[in-house]
Amino acid sequence: MTVAIAGQVWLGGRPLVAALDLRLTPGWTCLLGASGAGKSTLLRLLAGLPVAARLEGTRQAPDRIGWMAQADLLQPRLSVLGNLRLMARLRGEPLPRPRAEALLEAVGLAGRGADRPEALSGGERQRLALARVLADDAALVALDEPFSALDVPTRAAMQDLAAACLAGKTVVMVTHDPTEALRLGDRVLLLQDALLHEIPPLPGPRPVPLSDPGLAQAAAALLARMRRP
């Protein structure tokens, strides 16, 4: 499977991303940048979602792409199980109950299928959103700041869970957090001055342990670079 986007991204008469040539392979690619740099726009273009910007170039991606946003987008009138099955139902495809229950168990929501979203904590809602992505079984998964609204311990736990559940897939995640990007990213890209800059990833397995002193040092250096005028 080839996943690639190349060319230029324009917003009106202003280039958001110039000299774009992004080719993705299995593993996590984390995309950083200041607010308004065009990170989410680039992610949505890659995922084939509508945006105000235009791509002058080419895009190659599978038809089915997993999508997880910062907002969990759960439907309050549906149960946990109903929310998990919703996308499959809209496509006219069955999601057998044994598979649905296995997915809920994988994200720590075993036995919660009959609950409503209002009964879930913020972390549990994000786990359900992750289970919904897993139900699609898409080779390409696009994540737009999916953990930024969570408290620090829950966020770290969700990072670990997502890394385990999405192993072997091609994952692209937009984040504002240098620590998150370096912790998860096999590849880290900084969108700055309308260009994508490669940031050296940390050595070792993913996720990088939060106790790793190299993680804190690299995150501080990356933050300083992001804050450059």
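For the structure, see preceding data.
Residues numbered from 1 in each chain as written. Predicted model: local features only at pLDDT ≥ 70, side-chain atom pairs only at ≥ 80, totals over all residues. Heavy atoms only, no water.

**Remarks on the side chain of Asp-136**
Condition: Helix and strand labels come from DSSP, where a helix needs a run of H or I of at least four residues and a strand needs a run of E of at least two; each type is numbered from the N terminus. Think of it in three bands: residues with accessible area under 20% of the maximum for their type are buried, residues over 50% are exposed, and the middle band is partly exposed, with areas taken using a 1.4 Å probe on protein chains only. By the criterion applied in these results, polar contacts are pairs of N or O atoms within 3.5 Å in which, for protein atoms, one can donate a hydrogen and the other can accept it, and in which residues neighboring in sequence qualify only through two side-chain atoms. By definition, residues are in contact when any of their heavy atoms lie within 4.5 Å.
Counting through the fold element by element, Asp-136 comes out in helix 4 (residues 122-136). Since its relative accessible area comes to 10%, Asp-136 is described here as buried. A polar atom in the side chain of Asp-136 sits 2.9 Å from the side chain of Arg-91. Filtering out sequence-adjacent residues up to four positions away, Asp-136 remains in contact with Arg-64, Gly-66, Met-87 and Arg-91.

**Some remarks on the pattern of salt bridges**
It is possible for side chains of opposite charge to pair when their charged atoms get near one another. Just so we agree on the cut-off: Definition used for salt bridges: Asp or Glu carboxyl oxygen within 4 Å of a side-chain nitrogen of Lys or Arg.
Here the structure, examined in full by the defined rule, presents 14 salt bridges. In this structure, Arg-64 engages Glu-93 in a salt bridge whose closest nitrogen and oxygen atoms are separated by 2.8 Å. Taken together, the positions of Arg-64 in the loop between strand 4 (54-60) and strand 5 (65-69) and Glu-93 in the loop between helix 2 (80-90) and helix 3 (97-106) put the pair 29 residues apart, joining distant regions of the chain. When its relative accessible area of 33% is taken as the criterion, Arg-64 is described as partly exposed. Assessed through its relative accessible area of 33%, Glu-93 is described here as partly exposed. A salt bridge links Glu-101 to Arg-97, with the nearest nitrogen and oxygen atoms 2.9 Å apart. Linking Glu-101 with Arg-97, this pair stays in helix 3, spanning four residues, or about one helical turn. Via salt bridges that share partners, Arg-64, Arg-91, Glu-93 and Asp-136 belong to a single interconnected network.

**Notes on the sheet that holds strand 1 (residues 3-11)**
To be explicit about the condition: Here, strands pair whenever DSSP counts at least two bridges between them. The axes are straight lines fitted to the C-alpha atoms, using for helices just the contacting stretch, and the angles between their N-to-C directions are given from 0 to 180°.
Pairing is antiparallel in the open sheet, where three strands are placed in the order 2-1-4. In the strand order of this sheet, the two ends are held by strand 2 (14-24) and strand 4, each with one partner. Each adjacent strand pair in this sheet contributes to an overall mean axis angle of 5 degrees, direction not counted. Pairing analysis gives eight bridges linking strand 1 to strand 2, with the strands arranged antiparallel. Bridge assignment links Val-3 to a residue of strand 2, and that residue is Leu-24. Strand contacts of helix 1 (residues 39-47): strand 1, strand 2 and strand 4, with the helix running at about 130 degrees to strand 1, the strand carrying the most contacts.

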